[in-house]
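The lines below spell out each chain.
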Number of protein chains: 2
Amino acid sequence: MRSKITLKELAKLLNVSVSTVSKSLNDSPEISPKTVQRVKELAQLHNYRPNPTAVNLKRNRTGNIAVIVPNISNTFFAKVLGGVETEARKLGFQVITYISNESLKLEKQITELISNGLVDGLLISVSEETQKMNDYAHLHNLLEYEIPVVLFDRIIPNIEIDMVGVNDKDSIYDAVQFLYSRNIKKIGLVCALGDIGLGQLRIEGYKKACKDLGLPVDEKFAVVSRDIPEVKDKLKQLLQEKEVEALIGLDFLSTLLTSRAIQEEGLKIPEDIKMIGYVNEDIAPILYPSLSYVDQHPRQMGETAATLLVERIKGNKPSTPSHTTLKTELKHLDSTRF
Amino acid sequence: MRSKITLKELAKLLNVSVSTVSKSLNDSPEISPKTVQRVKELAQLHNYRPNPTAVNLKRNRTGNIAVIVPNISNTFFAKVLGGVETEARKLGFQVITYISNESLKLEKQITELISNGLVDGLLISVSEETQKMNDYAHLHNLLEYEIPVVLFDRIIPNIEIDMVGVNDKDSIYDAVQFLYSRNIKKIGLVCALGDIGLGQLRIEGYKKACKDLGLPVDEKFAVVSRDIPEVKDKLKQLLQEKEVEALIGLDFLSTLLTSRAIQEEGLKIPEDIKMIGYVNEDIAPILYPSLSYVDQHPRQMGETAATLLVERIKGNKPSTPSHTTLKTELKHLDSTRF
DNA sequence: CTGAAAGCGCTTACAG
DNA sequence: CTGAAAGCGCTTACAG
């Protein structure tokens with residue numbers, strides 16, 4: 001029932017002009033303290049709030065930022081989103097969420113939609129398809145419209161756009177090195193992302209570590225495919241050969257599939273096989289067995305990306321693209337306690 | 001660089017008035033087909049898009065809906081959010097996401113913020129604290145401001161607000177009945193939500209089922225607490241007594257904790273203990289062992305809630321609150337295959 | 001110190 | 001069929 005009061009109505013009630021009311025509420029030094037007080041009192045009484053749409057129109061902005069995540073089942077992105085939301089709210093921005101469902105087409109549809117002026121900036125982790133097609137025209141398009149874009153997590157090499165990610169090569173390098181230091185030499189990996197994007201980077205990190213440590217890079221130890229049944233089959237085969245001593249799951253799905261496959265084969269973690277995976281802090285400790293994981297600090301990633309985007313929106317940054325790399329951390333739970 | 005073109009600029013280029021351009025683009029029958037075509041061609045050439053902020057100001061709406069989820073780690077809410085996003089986009093609304101972190105205070109802060117006119121409506125699953133305090137003044141407040149509110153998942157009894165939920169009593173009733181029909185009589189439950197809200201409803205459903213089926217309701221079989229270490233302790237004790245034949249986890253966390261505790265005790269699922277839980281379709285099949293679960297159709301819940309909210313916003317609905325109950329489904333995986 | 005005016009980018013009743 | 005005017009709810013340079 002109680003409908004929102006406007007500046008005009010307040011002005012009428014106070015017998016002053018709309019300008020005076022507006023200035024008073026914005027603490028303009030132009031207005032006498034007495035008037036300011038009168039205005040503020042009445043405003044408070046009526047619980048006046050400026051209409052954000054009108055303010056935004058005037059200020060030529062929207063007060064919104066968009067975030068596009070490729071999927072939402074993966075708790076990693078949910079966590080990032082949480083970080084973005086917290087930070088954006090602090091900075092006075094609303095977060096409009098979109099889910100691309102790993103589809104380039106949908107991603108284009110969404111960027112097209114927001115290029116109309118729905119948001120002041122975009123945070124995006126590009127879809128698998130986008131990476132595969134290597135098609136980023138839609139992002140460049142937004143930049144041409146002067147809508148800042150910040151990439152997170154799934155970073156893209158050789159592109160002139162702000163990014164916030166983790167050092168994926170290093171993260172797995174560390175994992176391999178840890179296992180090596182504990183005298184584990186036959187280390188396999190499982191990747192359901194295929195060999196593009198993050199999957200590719202992580203695989204490279206693995207290979208680099210093996211090379212540096214003098215471990216043979218045996219193709220047999222690498223289960224890499226985007227086809228889930230194929231991943232399962234290869235994994236089973238690998239386990240039945242009883243050679244591999246440790247497995248690293250390179251993504252959420254692979255990690256769970258690997259833990260499951262090991263146990264299905266009647267093998268024990270960590271006694272028979274050690275495991276390290278990419279799962280998050282909420283779920284890793286309550287699985288059985290609990291899984292050691294690479295902490296990618298998703299909340300912090302979201303916060304950092306949001307902060308950077310807002311700085312771009314405000315034009316506070318030099319125009320050269322900024323690349324932020326967060327340090328990952330290997331967290332040890334039961335699967336590497338041996 | 002390429003800055004957005006406005007109606008005014010188009011009008012100038014075409015040597016017609018702003019009104020004519022606006023009407024042409026909106027296919028007004030007032031304008032001659034020839035003019036309409038001229039205008040549209042130029043608009044297309046310049047890739048003209050109406051400024052949504054201006055349109056919204058004029059139409060006295062925002063085009064946004066807010067959704068407040070209590071937490072984001074729980075993949076259930078992530079899925080609901082996915083459903084909301086898809087449906088809202090179809091209906092021409094943007095989804096602004098907020099996370100209350102199970103805090104009433106934060107929830108109030110957020111509702112206060114959006115009451116300023118940031119959104120046209122709100123979807124909310126209230127926080128645990130809100131349920132415990134039984135304080136819904138902030139929601140009624142929004143309704144007074146004529147901002148429609150739709151509750152989802154965590155529904156509240158005796159409140160005059162639209163809701164979309166599942167029949168929590170029935171869902172667990174079905175689970176108990178299924179186990180009973182397979183000759184399992186000693187059925188325990190584990191709940192980390194405590195005995196408020198959904199936890200309470202599910203516990204009631206359990207008790208009702210036991211009563212109807214003539215099973216004794218033994219307090220010992222009910223592990224209920226909001227304190228995680230306490231849940232773990234009680235669970236361990238219960239398992240060591242080796243009486244219980246099946247356990248039902250009433251929420252995501254309890255379900256994983258239960259599966260883990262059973263295995264830690266060296267017991268096998270389903271051979272020694274059967275299990276049913278509240279986890280989602282993505283994760284249930286890749287756990288080891290895979291867990292039978294109550295499918296609450298989170299996507300559908302999000303879609304239904306969004307549709308209802310948009311109808312309220314458009315004023316297409318009679319004003320009596322609508323209560324939609326989705327049917328849950330018991331999905332059988334390894335933990336009940338016996 | 002206060003207010004009239006212009007304007008943000010649109011839409012739409014009204015006049016011609 | 002076209003356009004001038006008013007208005008959505010604000011802000012702000014400018015005049016008094």
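None of the values given here were measured: they were computed from a predicted structure.

1. With respect to the relation of the copies chain A and chain B
Rotating chain A by 180° about the axis while translating it 0.0 Å along that axis superimposes it on chain B, leaving an RMSD of 0.0 Å. Put plainly, the chains are arranged around a two-fold axis. Within chain A, the C-alpha atom positioned nearest to the axis of rotation is that of Ile96(A), 2.2 Å from it. Interface residue correspondence from chain A to chain B reaches 100%, placing this contact among same-surface, isologous pairings.

2. With respect to the pairing of strand E9 (residues 274-277) of chain A
Residue and element names in this part refer to chain A. Residues Lys274 and Ile276 point to one face of E9 and Met275 and Gly277 to the other, with burial holding for every one of them. By the bridge criterion, four bridges tie strand E8 (residues 246-249) to E9 in an arrangement that is parallel. The residue bridging Ala246 from the neighbouring strand is Lys274, located in E9. With two bridges joining them, E9 and strand E10 (residues 292-295) adopt parallel strand pairing. The residue bridging Ile276 from the neighbouring strand is Ser292, located in E10.

3. So, the domain arrangement of chain A
When cut into domains, chain A gives domain 1 (7-50), domain 2 (62-165 + 298-326) and domain 3 (168-296 + 330-336). For domain 1 of chain A versus domain 2 of chain A, the distance between C-alpha centres works out to 39 Å.

4. Considering the protein's contact with DNA strand C
Among the 29 residues in the neighbourhood of DNA strand C, the closest are listed as Thr20(A), Lys23(A), Thr35(A), Lys58(A) and Ser22(B). Within 4 Å of the protein, the contacting atoms of DNA strand C are drawn from sugar and phosphate to the extent of 57%. Residue Asn51(B) places a main-chain N or O atom 3.0 Å away from a phosphate oxygen belonging to DNA strand C. A distance of 3.5 Å is found between a base nitrogen of DNA strand C and a backbone nitrogen or oxygen belonging to Ala54(B). Residue assignment for the surface near DNA strand C shows that the elements contributing at least two residues are helix H2 (18-25), helix H3 (33-45) and helix H4 (52-59) of chain A together with helix H1 (7-14), helix H2 (18-25) and helix H4 (52-59) of chain B. For the surface near DNA strand C, the residue count by class is 10 nonpolar, 10 polar and nine charged.

5. Details of the sheet that holds strand E10 (residues 292-295) of chain B
Residue and element names in this part refer to chain B. If you trace the six strands from one edge of the open sheet to the other, you get E7-E6-E8-E9-E10-E12, paired in mixed fashion. The sheet is open, and its two edges are formed by strand E7 (222-224) and strand E12 (329-331), each paired on a single side. Each strand axis lies, on average, 15° off the axis of its neighbour in the sheet, ignoring direction. Where strand E8 (residues 246-249) and strand E9 (residues 274-277) come together, three bridges link them in parallel fashion. Residue Leu247 lies in a different strand from E9, and its bridge partner there is Met275. Sheet contacts for helix H11 (residues 228-240): strand E6 (187-191), E7 and E8; angle to E7, the most-contacted strand, approximately 170°.

Procedures and definitions
Residue numbers run consecutively from 1 along every chain, following the written order of its sequence. Chains and ligands are labelled sequentially in the order written, the chains with letters from A and the ligands with numbers from 1. pLDDT decides what is reported in this predicted model: residues at 70 or higher carry local features, side-chain atom pairs at 80 or more are listed and counted, and totals for whole chains, interfaces and linings draw on all residues regardless. Hydrogens are left out, water is left out, and the side-chain values use all remaining heavy atoms of the structure. When the copies are superposed, the least-squares fit takes in the C-alpha atoms of residues with a pLDDT of at least 70 in both. Residues are treated as being in contact if the distance between any of their heavy atoms lies within 4.5 Å. A simple rule labels every residue: compare its accessible area, found with a 1.4 Å probe on the protein chains alone, to the largest value its type can have, and call it buried under 20%, exposed over 50%, or partly exposed in between. Helix and strand labels come from DSSP, where a helix needs a run of H or I of at least four residues and a strand needs a run of E of at least two; each type is numbered from the N terminus. What makes two strands pair is DSSP finding at least two bridges between them. Boundary definitions for the domains trace back to an automatic or database domain assignment. Residues are labelled near a given molecule or strand when at least one of their non-hydrogen atoms is within 4 Å of it. A 3.5 Å cut-off defines polar contacts: any pair of N or O atoms within that distance qualifies, except that in protein one atom must be a possible hydrogen donor and the other a possible acceptor, and neighbouring residues in sequence count only when both atoms are side-chain atoms. Residue classes follow a fixed rule: Ala, Val, Leu, Ile, Met, Phe, Trp, Tyr, Cys and Pro count as nonpolar, while Asp, Glu, Lys and Arg count as charged, and any other residue, Gly among them, counts as polar. Axis lines are fitted through C-alpha atoms, for helices just across the contact stretch, and the angle between N-to-C directions can take any value from 0 to 180 degrees.

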